[in-house]
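What follows is each chain in one-letter form.
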2 protein chains.
Amino acid sequence: MENLQDKLKAYHITFNKPELLAEAFTHKSYYFEHKSSSVFHNERLEFLGDAALGFIIVEYLYKAYPDEREGVLTEKKISIVRRESLADFSRQLGFDQFLKLGNGEEKNGGRENEANLENLFEAFLGAVLMDQGFNAVKNFIYEVMIPKIEDGSYDKVTDYKSALQEIFYTAGHIDTNNKIPLEYVVVGQSGPVHAPIFEVNVEFEGQVIGQGKGKSKKIAEQDAARDAFVNQKKQQEDR
Amino acid sequence: MENLQDKLKAYHITFNKPELLAEAFTHKSYYFEHKSSSVFHNERLEFLGDAALGFIIVEYLYKAYPDEREGVLTEKKISIVRRESLADFSRQLGFDQFLKLGNGEEKNGGRENEANLENLFEAFLGAVLMDQGFNAVKNFIYEVMIPKIEDGSYDKVTDYKSALQEIFYTAGHIDTNNKIPLEYVVVGQSGPVHAPIFEVNVEFEGQVIGQGKGKSKKIAEQDAARDAFVNQKKQQEDR
């Protein structure tokens, strides 16, 4: 972990308890292959880091967008804390090379796995919280993540297909193949042949939850996802 | 709000900006009937308070249960922050009588509505955060909520039917009647007539997601809900 500690100095972070840092970088597959090791795997720290991150981002959004409604803030939050962005931060920070994986997990591409890298990033935040306190986590997030939010990296395109996935994923709706059973079905086409308009439904377990239109199938799918996303949020708000 | 401010003194809270407190106690139905009022409704504060509460409870659980796995901590968290408990806190604190509702909402029983009271409690936490800072929210939660957690109010019975509802609810799976489409179906009965064993499946949109057994239908339903809950959590963890 020598190199990692050096790397963290750039963020003014020096761990008092390096074992917390080691825990954050230990995937459970490694732990189960080295049970005699005194270092636990990173799931508990990930649970903690996830909650700290959620709160810090929410507080930031609340203050940064004083005129936006809750629905808009929720949407922004989802696009910021979604798996792909957090995994990207792990990669950008070079955390992935320090992740300890079991042999099987390594062979199966666990070092590039988005979920592993997301969890690693969150577990790291949890470790910083326990070792350095809340302000250190907040400073780190404001140094590393907030500038990317402010330069608009997260709102160039709201990827509603991902946002919709996230809602269903959070509820554990993944099938036996680890996929979320959302399907995009082309249900109609109109307009002239050279300028067609596609109609797409998004279905969850056979039930239509959103409808969209667009000049391409891709655009129509995003439009359907947006419709479904708004419907789901509205149901939550109207309850 | 005079009485409310007095009430809060018992918790060492005196608002510098009473308008934040007023916002926390304004339901959107009231806001839409009094649009000329300068006070906004409480959805933004609820968004903020929800995240602060989540983080504070998670941090507490992480420290209080150093030997528990993430799955157990998540389960505890869900039982603590679930709607019914938070609504109960609003009632115990006497917040419900100060909630500003529109006429229609009042007539429809909005003052007893669990969602309204949950949102009120969270919005109050958000207002304390903005007015008094993070430590004030934490102190309040440690004074009001944590003792109830420590006296075991939340783990006497883990109500898996509610915990399962919560998972699906969070994802916005509510039907047009504002219900979560989870069904408990008796699929078998065995054993002697005087000591039957019931078999129950829990279904989500027609698909079996958990199976249970028990000496009564009620016990079998809880057992099926526990099975489904564990399956959902496992899918999330194994991804």
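Residues numbered from 1 in each chain as written. Chains lettered and ligands numbered in written order. Predicted model: local features only at pLDDT ≥ 70, side-chain atom pairs only at ≥ 80, totals over all residues. Heavy atoms only, no water.

Observations concerning the overall build of chain A
Moving on, step 1. When you go through chain A residue by residue, the secondary structure sums to 12 helices and three strands.
Moving on, step 2. Counting only C-alpha atoms and orienting by the principal axes, one finds that chain A spans roughly 65 × 45 × 40 Å.
Moving on, step 3. Within chain A, the proportion of its 239 residues that are buried is 51%.
Moving on, step 4. For chain A, contacts bridging at least 24 residues in sequence account for 53% of all contacts bridging at least 6.
Moving on, step 5. Just so you have it, chain A exposes about 11300 Å², and 46% of that area is on carbon and sulfur atoms.
Moving on, step 6. Each charge sign in chain A was given a centre, from 29 positive and 39 negative side chains, and these centres are 1 Å apart. (Helix = DSSP H or I, 4+ residues; strand = E, 2+ residues; numbered from the N terminus. Buried < 20%, exposed > 50% of the residue type's maximum accessible area, 1.4 Å probe, protein only. Contact = heavy atoms within 4.5 Å. Areas by Shrake-Rupley, 256 points an atom, 1.4 Å probe, with all protein chains shown as cover. Lys, Arg positive; Asp, Glu negative; His and termini not counted. Charge placed at Lys NZ, Arg CZ, Asp CG, Glu CD.)

Here's the deal with the sheet that holds strand 1 (residues 182-190) of chain A
Residues and elements named next belong to chain A.
Moving on, step 1. Taken together, three strands build an open sheet; the order of strands is 1-2-3 and the sheet is antiparallel. Every interior strand has two partners, whereas the edge strands, strand 1 and strand 3 (207-214), have only one. On average, each strand axis in the sheet is inclined to that of its neighbour by 25°, with strand direction left out of account.
Moving on, step 2. In terms of strand pairing, strand 2 (residues 197-204) meets strand 3 through seven bridges, oriented antiparallel. (Pairing = 2+ DSSP bridges. Axes fitted to C-alpha atoms, helices over the stretch in contact; angles between N-to-C directions.)

Details of the relation of the copies chain B and chain A
Moving on, step 1. Of the two same-sequence chains, chain B is brought onto chain A (RMSD 0.1 Å, axial shift 0.0 Å) by a rotation of 180°. Overall, the copies show the geometry of a two-fold rotation axis.
Moving on, step 2. Mapped onto chain A, 98% of the interface residues of chain B are again interface residues, and the two copies thus contact each other with one and the same surface. (Least-squares fit on C-alpha atoms with pLDDT ≥ 70 in both.)

Comments concerning the sheet that holds strand 3 (residues 207-214) of chain B
All names here are of chain B.
Moving on, step 1. The three strands are arranged 1-2-3 in an open sheet whose pairing can be described as antiparallel. Of all strands in the sheet, those with a lone pairing partner are strand 1 (182-190) and strand 3, marking the two edges. Ignoring strand direction, the axes of neighbouring strands in this sheet form an average angle of 25°.
Moving on, step 2. In this fold helix 11 (residues 160-170) packs onto strand 1, strand 2 (197-204) and strand 3, with an angle of close to 140° to the strand it touches most, strand 1.

Let's talk about helix 9 (residues 134-144) of chain B
Moving on, step 1. Along helix 9 of chain B, the residues that are buried comprise B:Phe134, B:Ala136, B:Val137, B:Phe140, B:Ile141 and B:Val144. Relative to the axis of helix 9 of chain B, the buried residues are bounded by an arc of 165° and lie together on one face. Across from the buried face of helix 9 of chain B, at angles greater than 90 degrees, the exposed residues are B:Asn135 and B:Asn139.
Moving on, step 2. Residues of helix 9 of chain B that are buried in the fold lie against helix 4 (43-64) of chain A together with helix 4 (43-64), helix 6 (83-92), helix 8 (114-132) and helix 10 (146-150) of chain B. (Arc of directions from axis to C-beta.)

Quick notes on the pairing of strand 2 of chain B
All names here are of chain B.
Moving on, step 1. With respect to burial, strand 2 is a largely interior element, six of its eight residues being buried.
Moving on, step 2. Pairing of strand 1 with strand 2, which is carried by eight bridges, proceeds in the antiparallel orientation. Considered in strand 2, the bridge of valine 186 is made with valine 200.
Moving on, step 3. Hairpin connection between strand 1 and strand 2: a loop of six residues separates the two successive antiparallel strands, and glycine 191 in this loop has a positive phi of roughly 80°.
Moving on, step 4. The loop that links strand 2 with its antiparallel partner strand 3 comprises two residues; one of these, glutamate 205, has a positive phi angle of about 45°.

Thoughts on the domain arrangement of chain A
Residues and elements named next belong to chain A.
Moving on, step 1. Structurally, chain A comprises domain 1 (2-150) and domain 2 (160-238).
Moving on, step 2. Just the C-alpha atoms count here: the centres of domain 1 and domain 2 sit 30 Å apart.
Moving on, step 3. At the junction of the two partners, domain 1 supplies seven residues and domain 2 supplies eight residues.
Moving on, step 4. Taken together, the links from domain 1 to domain 2 amount to zero salt bridges.
Moving on, step 5. In terms of residue count, helix 5 (residues 70-81) provides more of the side of domain 1 that touches domain 2 than any other element does, five residues in total. (Domains from an automatic or database assignment. Salt bridge = Lys/Arg side-chain N within 4 Å of Asp/Glu carboxyl O.)

Focus on the interface of chain B and chain A
Accessible area lost during the coming together of the parts is what is often quoted as the interface size.
Moving on, step 1. Listed by partner, the interface residues are 50 residues for chain B and 49 residues for chain A.
Moving on, step 2. Here chain B packs against chain A, burying approximately 4300 Å² in sum over the two surfaces, 58% of which is carbon and sulfur.
Moving on, step 3. On inspection of chain B and its partner chain A, the count reaches zero salt bridges.
Moving on, step 4. Seen at the junction of chain B and chain A, the total is six residue pairs in polar contact (both at pLDDT 80 or more).
Moving on, step 5. Elements that contribute at least two residues to the side of chain B that touches chain A include exactly helix 2 (18-24), helix 4, helix 5 (70-80), helix 8, helix 11 and helix 12 (217-238) of chain B.
Moving on, step 6. Top element by residues in the side of chain B that touches chain A is helix 4 of chain B. It accounts for 14 residues.
Moving on, step 7. Here the residues of the side of chain B that touches chain A are counted per class, giving 22 nonpolar, 11 polar and 17 charged. (Buried area = accessible area lost by both parts, 1.4 Å probe. Polar contact = N/O pair within 3.5 Å; in protein donor to acceptor, adjacent residues only side chain to side chain. Nonpolar A, V, L, I, M, F, W, Y, C, P; charged D, E, K, R; others polar.)

Here we look at the pattern of salt bridges
Moving on, step 1. Under the definition given, this model contains 22 salt bridges over all chains.
Moving on, step 2. A salt bridge links A:Lys161 to A:Glu221; its shortest N-O distance comes to 2.5 Å. Here A:Glu221 lies in helix 12 (residues 217-238) and A:Lys161 lies in helix 11 (residues 160-170), a separation of 60 residues in the sequence.
Moving on, step 3. In this structure, B:Glu59 engages B:Lys138 in a salt bridge whose closest nitrogen and oxygen atoms are separated by 3.0 Å. Taken together, the residues B:Glu59 in helix 4 and B:Lys138 in helix 9 connect sequence positions 79 residues apart.
Moving on, step 4. Each of A:Glu59, A:Lys63 and A:Lys138 takes part in salt bridges that share partners, so that together they form one network.

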